[in-house]
Amino acid sequence: MSALDPRHALFPGSFDPPTLGHEDLLRRALALFDRVTLAVAEHPTKAGFLSFDRRVALLHELAESMDAAERLDVRRLDGLVVDGCRDVGAGVLLRGLRSGADFDYEAPMAGTNRAMAPEVETLFLAATPAVSHISSTLVRQIAGLGGDVSSLVSPTVLAALADLPAAGEA
Ligand code: ADP
C-alpha cells in the first residue's frame, strides 16, 4: 500500500448547491494543505436540486476563482469516502462542524472510517461564525419557495439557481 499524503485533504460532500459555507471551508483548507480534492457525491437518496454535472461545473468555477486550480481537484465520489482518499492519495478526510448536531452525525462516521482505514486521518474544521448558519438544505428550501439566497451563496451559484424551475413548475 502506498503511503497517503498528509498534506493532501479530501473534502467530500453533496454540494447541492455549493454555499458560502463550503467556500469558506475550502479557502481555509487551501491555506492548510498543499493539495485539496473536492469529492462530489451523487447521493441518490437526496432529491437532487442541481444535477451532479451542474454541481461539478460550479465547483470548477469556484476553484478557478480561488486562483488555486493547480492545487485543487474536483472529482466524483463513487463509493466509500475512505476509498476516495486512497484513490487520490489523500491522508486527510476533511469535514466542517457547524454545531453539536453536526458532531453527533460526524463522530460515528469518523470512528467507522478510522476502523476501515486507520491510515486516513479525519479532521474537522469549526465553521466560521459568519457562515455557520448556512446549509445547502436551507438554501434549497428558501430558493424553492422563491426566497432570496444571495447572502448564502456566491453570485455564480445564485445565477445557476435562478435557471431552475420554480417549485410547482415542471
Ligand atoms: P453532506 O451531504 O456530505 O453532508 P454537504 O454538502 O451538506 O454534504 O456538506 C459537506 C461538508 O461541508 C460537511 O462536512 C459540512 O459540515 C460542511 N459544511 C457545509 N456547510 C458548512 C458551513 N456553513 N460551514 C462549515 N462547513 C460546512
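A few points on the structure. (Residues numbered from 1 in each chain as written. Predicted model: local features only at pLDDT ≥ 70, side-chain atom pairs only at ≥ 80, totals over all residues. Heavy atoms only, no water.)

**So, the site of the ligand**
What surrounds the ligand is a group of 16 residues, the closest being S14, H22, G96, V131 and I134. F15 places a polar main-chain atom, nitrogen or oxygen, 2.9 Å from an oxygen atom of the ligand. Taking R98, its side chain carries an N or O atom lying 3.2 Å from a nitrogen atom of the ligand. Burial of the ligand by the surrounding chains reaches 92%, relative to a free accessible area of 560 Å². (Near = heavy atom within 4 Å. Polar contact = N/O pair within 3.5 Å; in protein donor to acceptor, adjacent residues only side chain to side chain. Areas by Shrake-Rupley, 256 points an atom, 1.4 Å probe, with all protein chains shown as cover.)

**So, the pattern of salt bridges**
Side-chain pairs of opposite charge can arise where the charged atoms are in close proximity. Enumeration over the complete set of coordinates arrives at 11 salt bridges. R95 is paired through a salt bridge with E106; the nearest N and O atoms lie 2.7 Å apart. With a gap of 11 residues between them, R95 in strand β4 (residues 90-97) and E106 in helix α4 (residues 100-116) connect regions that are remote in the sequence. E106 matches R95 in its accessibility class, with the two residues each being buried. Close ionic contact of D102 with R98 constitutes a salt bridge, the shortest N to O distance being 2.8 Å. Given the relative accessible area of 13%, D102 is considered buried. What you see here is one network of salt bridges that share partners, running through D83, R86 and E119. (Salt bridge = Lys/Arg side-chain N within 4 Å of Asp/Glu carboxyl O. Helix = DSSP H or I, 4+ residues; strand = E, 2+ residues; numbered from the N terminus. Buried < 20%, exposed > 50% of the residue type's maximum accessible area, 1.4 Å probe, protein only.)

**Considering the sheet that holds strand β1 (residues 5-13)**
If you trace the five strands from one edge of the open sheet to the other, you get β3-β2-β1-β4-β5, paired in parallel fashion. What marks the edges here is a single partner per strand, and that holds for β3 (72-77) and β5 (121-126). Adjacent strand axes in the sheet meet at a mean angle of 30 degrees, parallel and antiparallel pairs treated alike. Here six bridges tie strand β2 (residues 35-41) to β3, and the two strands are oriented parallel to one another. From the neighbouring strand, A39 faces β3, where its bridge partner is R75. The strands touched by helix α3 (residues 81-88) are β1, β2, β3 and β4; relative to β1, the strand with the most contacts, the crossing angle is about 135 degrees. (Pairing = 2+ DSSP bridges. Axes fitted to C-alpha atoms, helices over the stretch in contact; angles between N-to-C directions. Contact = heavy atoms within 4.5 Å.)

**Structural notes on the packing of aromatic side chains**
Evaluated as defined, the whole model comprises two aromatic pairs. Plain terms: the ring middles of F11 and F15 are 5.3 Å apart, the flat faces sit at 85 degrees to each other, and that makes the pair edge-to-face. Between F103 and F124 the ring centres are 6.5 Å apart and the planes differ by 70 degrees, which places this aromatic pair in the edge-to-face class. Taken together, the residues span a long stretch of sequence, with F103 in helix α4 and F124 in strand β5 at a distance of 21 residues. Over the ring of F52 we find R76; its NZ or CZ atom is 4.1 Å from the centre of that ring. (Phe/Tyr/Trp six-rings, centres within 6.5 Å; stacked < 30°, edge-to-face > 60°. Lys NZ or Arg CZ within 6 Å of the ring centre and 35° of its normal.)

By themselves these figures say nothing about function.
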